[in-house]
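Given next are the chains, with one letter for each unit.
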Amino acid sequence: MATIEGPLSKWTNVMKGWQYRWFVLDENTGLLSYYTSKEKMMRGSRRGCVRLKGAIIGIDDEDDSTFTITVDQKTFHFQARDAEERERWIGGLEEAILRHTQPLSKQRESKHIPSTAEFDSKVAETDAYLQLLIDQTKALDEKIEQCDDPAAREKYSVIKVAAETMIESIKQSIVLLQMSKQQIADQAMVENGPLTPPLQAAAGSIGRKTASTTELPPIGPMPNSMATSNGIDVPPHNTTTSHSLPASSGGLEENGISPAVDALLEEEGGDMEQDGSVGAQSHMMSAYSNSDMHVPPRVMPMTSYSSSEDEEFYDAEELERSATEDEPPKAEPVQVIASKDDYFDELYDEVDQEDLGSLEGQGSIVTHLLSQVRIGMDLTKIVLPTFILERRSLLEMFADFFAHPDLFVGIVDFKDPKERMIQVVRWYLSAFHAGRRSDIAKKPYNPIIGETFQCFWDIPNMEPSDEVSDSGPVPWVHKNNLAFIAEQVSHHPPISAFYAEHSGKRISLDGYIWTKSKFLGLSIGVYMIGQAVISVLDHDEEYVLTFPTGYGRSILTVPWIELGGKVGVQCAKTGYYANIEFKTKPFYGGKKHQVAAAIFAPNDKKPICTIDGEWNGVMWAQYNTGRSEKFVDTKSMPIIKKKVKPRTEQGEFESRRLWQDVTKHLKEKNVDKATEFKRKLEQRQREEAKERLEKGLKWETKHFHEQGEHWLHHRPLLKRLQETVTRKSRQNSPEGDSEYDSAS
């Protein structure tokens, strides 16, 4: 019986594109069938179908009407009218997939698998009960004939109608049982070839009973609902027979089918063979036709199919790709420049050329994970397997926004506001590629609340300074270094705040990101909700920028990362702004990692500069003057290595020291030990949160505070400079100095 039916468009091929079809989702059979029209569906002329057992649904977060079904090593593409219709179909599909996938896995865990003999015994038992019911119904009919009281006759008649209805249902059930057994035998024949002699004997015995007597379980009296109704006694069946029923005494014929069921088949015009298949099938086809139901195939299709050879129902590109083509291309190693006095940390600074490879080896874990989630579910509280973790904290990954610190501090060197905006966009577009240390997508550690990460960079071609910025975010950093600090300021929701500054250049960045993950079927979307504000103090300018969404694609094969979504950069003082779009790869054709940007002057509708290319490769700029240039080349630009204190000198809650045991065992590929230490950290966090809740305490952050909907650093560069000016002005003023002294 169909749970959902209606029109959808499906992707056919490049020439035909999207085609309108009428779809029928049958939850009972676990099939999504499609027809060229509703009329063809009513006639049973099916065009193709998708088997839903073991299928995975996927959605594109950039498009609210399309969805995919991946099964049998194929990916099928569908398009609904709108988001609401897509949700309706996805809901029904998920229910059908769960019904036909999860129970089977539980059955495999069962210790006992019913045998053919047990199946035959149950059929015989059912038929025996049927004969009991028929005999009692006949006795009831005789009592009705003998009854003179009209009221009593009416009550007897009601019982008789109910009994006859039940009899018909049991007859239908026996036929279906025989059909199911034959169907299993047929499917085994298709999968395994000709049956072995023992199996042939078992298949041949479908619907037949031997001459030997089959002892059934003791059958008690008929249920009270049948024995009495409305206070009227119904003549009981022979009690001797009801306690021990030989199969032959129940009225079974030699083929194992009672006369009642045989009569039912004859009424439908069917001729029941010894294997019980032809007549039963004829009867079932007639039953489906009479009830205007969709005709299911006699044998479940072994795979999803389309009956038209020129119509590619699935994404043809999926099968054409080889296993090597499916893997992300190996990136050329990028040059990393480290300072001479840099400390090398063997746990974190050594980037192994490891290959996560296909996740098929971890199939049971991934399948279990997928069974816990549904399309659109928030993954914040889902525990992901340790083997997919990257060996560093998310806080450290955010520091990689400044892998090209010279581009960031270089913003202040431009005298024209237009050039400063262009340089802001140049730095922004270069900020994402360094965060991905491997071709394989992995997930950094979720920071625990109160965790911090501190580092700094030497700026190329900038003279070092001996002056220490002791009042800055990282106290041991010199004035000509770019300093960075990050803190996990919230656990629910997970919010990371970070701050960077170069006091010598008088530029800073104050930002925060709330990471929100969502399950998309074959992908995971990570939304980076928040913003960052770049303050260029010498020009009194602030540039507000937002962040794209990250996607982990192909999570069942070789996972890879792409960015998507529209973001912006705005400067309220100058009026310059930029629109940037990170483009996700379309399902057919197209390239990965594409980005396009346009920079606008105040009140202008046409951009002064357009940029396109790959955010992890080369990007080109075209200016309205006709000039063009290579805007950013992440392949050739060296990464400036961040400098971090040795773990032995770090605080207890600094990222590298906090996660060192997990990182050590992951590096040694000891996943069990890594998982053990990871759980200890998470359990400590839960216990501390519980204790604060019981004591009514609120978590106190160390370096950041919440202001409205935003998170800001306690003492940014601008605030410290203003304090210095105020203090000096008070010291230079005799009247102010005395007031200052008395106040102190």
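Residues numbered from 1 in each chain as written. Predicted model: local features only at pLDDT ≥ 70, side-chain atom pairs only at ≥ 80, totals over all residues. Heavy atoms only, no water.

The following threshold applies: UniProt positions are given in the numbering used here, feature names are shortened, and annotations may be inferred rather than shown by experiment.
The name given to the protein chain in an unreviewed UniProt entry is Oxysterol-binding protein, with Lingula anatina as the source organism. What the UniProt record of the protein chain gives under Sequence similarities (unreviewed entry) is the line "Belongs to the OSBP family." According to the UniProt record, the Catalytic activity (unreviewed entry) comment for the protein chain is "a 1,2-diacyl-sn-glycero-3-phospho-(1D-myo-inositol 4-phosphate)(out) + a 1,2-diacyl-sn-glycero-3-phospho-L-serine(in) = a 1,2-diacyl-sn-glycero-3-phospho-(1D-myo-inositol 4-phosphate)(in) + a 1,2-diacyl-sn-glycero-3-phospho-L-serine(out)".

## Quick look at the overall build of the protein chain
Worth spelling out the cut-off: Labels follow the DSSP assignment, with helices taken as runs of H or I lasting at least four residues and strands as runs of E lasting at least two, numbered in each case from the N terminus. In this scheme, a residue with accessible area under 20% of its type's maximum is buried, one over 50% is exposed, and one in between is partly exposed, where area comes from a 1.4 Å probe on protein chains only. Any pair of residues with heavy atoms lying within 4.5 Å of one another is described as a contacting pair. Reported accessibility uses the Shrake-Rupley method at a 1.4 Å probe radius. Residues are deemed covered only where the shown protein chains occlude them.
Along the protein chain, the regular secondary structure elements total 20 helices and 29 strands. Taken across its 744 residues, the protein chain has 46% of its residues classed as buried. The long-range share in the protein chain, meaning contacts at least 24 apart out of those at least 6 apart in sequence, stands at 61%. In the form shown here, the protein chain has an accessible surface area of approximately 38200 Å², with 51% of it arising from carbon and sulfur atoms.

## Regarding helix α15 (residues 417–429)
Note the cut-off: One fewer than the residue count of a helix, multiplied by 1.5 Å, yields its expected span.
Between its first and last C-alpha, α15 extends 18 Å over 13 residues, near the 18 Å set by a 1.5 Å rise per residue. Counted residue by residue, α15 has 10 buried out of 13 residues, so it is predominantly covered. Within α15, burial applies to Arg420, Met421, Ile422, Gln423, Val424, Val425, Arg426, Trp427, Tyr428 and Leu429.

## Examining the nonpolar core
Where we set the bar: Throughout, nonpolar core names a set of buried Ala, Val, Leu, Ile, Met, Phe, Trp, Tyr and Cys residues whose side chains join them through atoms within 4.5 Å.
Membership of the largest hydrophobic core comes to 64 residues, with the highest contact counts inside it found for Trp427, Phe484 and Ile534. In terms of residue count, α15 provides more of this core than any other element does, seven residues in total. Ignoring any residue separated from it by four or fewer positions in sequence, one finds Trp427 in contact with Phe401, Phe402, His404, Leu407, Phe408, Leu509, Ile534 and Leu545.

## Structural notes on the pattern of salt bridges
The condition is simple: Whenever Lys or Arg places a side-chain nitrogen within 4 Å of a carboxyl oxygen from Asp or Glu, that contact is recorded as a salt bridge.
Enumeration according to the criterion identifies 27 salt bridges in this entry. In this structure, Lys695 engages Glu691 in a salt bridge whose closest nitrogen and oxygen atoms are separated by 2.9 Å. Taken together, the residues Lys695 and Glu691, both in helix α18 (residues 671–695) and four residues apart, mark about one turn of the helix. Given the relative accessible area of 54%, Lys695 is considered exposed. Assessed through its relative accessible area of 39%, Glu691 is described here as partly exposed.

## Examining the environment of Leu666
Relative to the assigned elements, Leu666 resides in helix α17 (residues 660–667). A relative accessible area of 11% places Leu666 in the buried class. When the C-alpha atoms of Leu666 and Glu390 are compared, they prove to be 8.7 Å apart, with 276 residues separating the residues in sequence.

## Focus: the packing of aromatic side chains
Quick reminder of the rule: For Phe, Tyr and Trp, rings pair up if their centres lie within 6.5 Å, where Trp contributes its six-membered ring, and each pair is then called stacked (planes under 30 degrees apart), edge-to-face (over 60) or tilted (otherwise).
Scanning the model with the defined rule gives 21 aromatic pairs in all. Taking 5.5 Å as the distance between ring centres and 35° as the angle between the ring planes, the aromatic pair formed by Phe398 and Phe498 counts as tilted. Here Phe398, found in helix α13 (residues 394–399), pairs with Phe498, found in strand β16 (residues 495–502); they are 100 residues apart in sequence, far enough to count as distant. Exposure remark for Phe398: the relative accessible area of 1% places this residue in the buried category. The class of Phe498 is buried, set by a relative accessible area of 1%.

## Let's talk about the pairing of strand β14 (residues 452–458)
Here is the rule: We call two strands paired when DSSP finds no fewer than two bridges between them.
Within β14, six of the seven residues are buried, which leaves it mostly tucked inside the rest of the structure. Sheet analysis places β14 next to strand β15 (residues 481–490), joined by seven bridges and oriented antiparallel. Across the sheet, Phe453 pairs through a bridge with Ala486, a residue of β15.

## A few points about α18
Over its 25 residues, α18 runs 36 Å from end to end, which matches the ideal 36 Å to within 8%, given 1.5 Å per residue. When α18 is considered as a whole, its buried residues turn out to be Ala674, Thr675, Lys678, Leu681, Glu682, Gln685 and Arg692. Buried residues in α18 make contact with β12 (389–393), α16 (655–658) and α17. At the exit of α18 stands Gly696, carrying a positive phi of roughly 70°.

## What about the packing of α17 against α18?
Formally: Axis lines are fitted to C-alpha atoms, over the contacting stretch for helices. Their N-to-C directions set the angle, which ranges from 0 to 180 degrees. Orientation categories follow fixed angle ranges, with anything under 35 degrees roughly parallel, anything over 145 roughly antiparallel, 65 to 115 roughly perpendicular, and all other angles oblique. Left-handed is the label given to a crossing in which the near helix is rotated counterclockwise from the far helix by less than a right angle, and right-handed is the label when the rotation is clockwise. Under this grouping Gly is polar, as are all residues other than the nonpolar Ala, Val, Leu, Ile, Met, Phe, Trp, Tyr, Cys and Pro and the charged Asp, Glu, Lys and Arg.
Relative to each other, α17 and α18 sit at 165°, their axes nearing to 8 Å. Looking at the two axes, α17 sits roughly antiparallel to α18. In this structure, α17 meets α18 at a crossing whose hand is left-handed. Here Asp661, Val662, His665 and Leu666 of α17 lie close against α18, whose contacting residues are Lys673, Ala674, Phe677, Lys678 and Leu681. Taken together, the residues of the contact of α17 with α18 break down into five nonpolar, one polar and three charged.

## Some points on the pairing of strand β20 (residues 549–553)
Within a regular strand, side chains alternate between the sheet's two faces. Buried residues dominate β20, accounting for five of its five residues. Judged from the three bridges that link them, strand β18 (residues 524–536) and β20 form a sheet pairing that is antiparallel. By the bridge assignment, Val526 is partnered in β20 with Gly550. Two strands pair when backbone bridges link them, and β20 and strand β21 (residues 560–571) are joined in this way by five bridges, in the antiparallel orientation.

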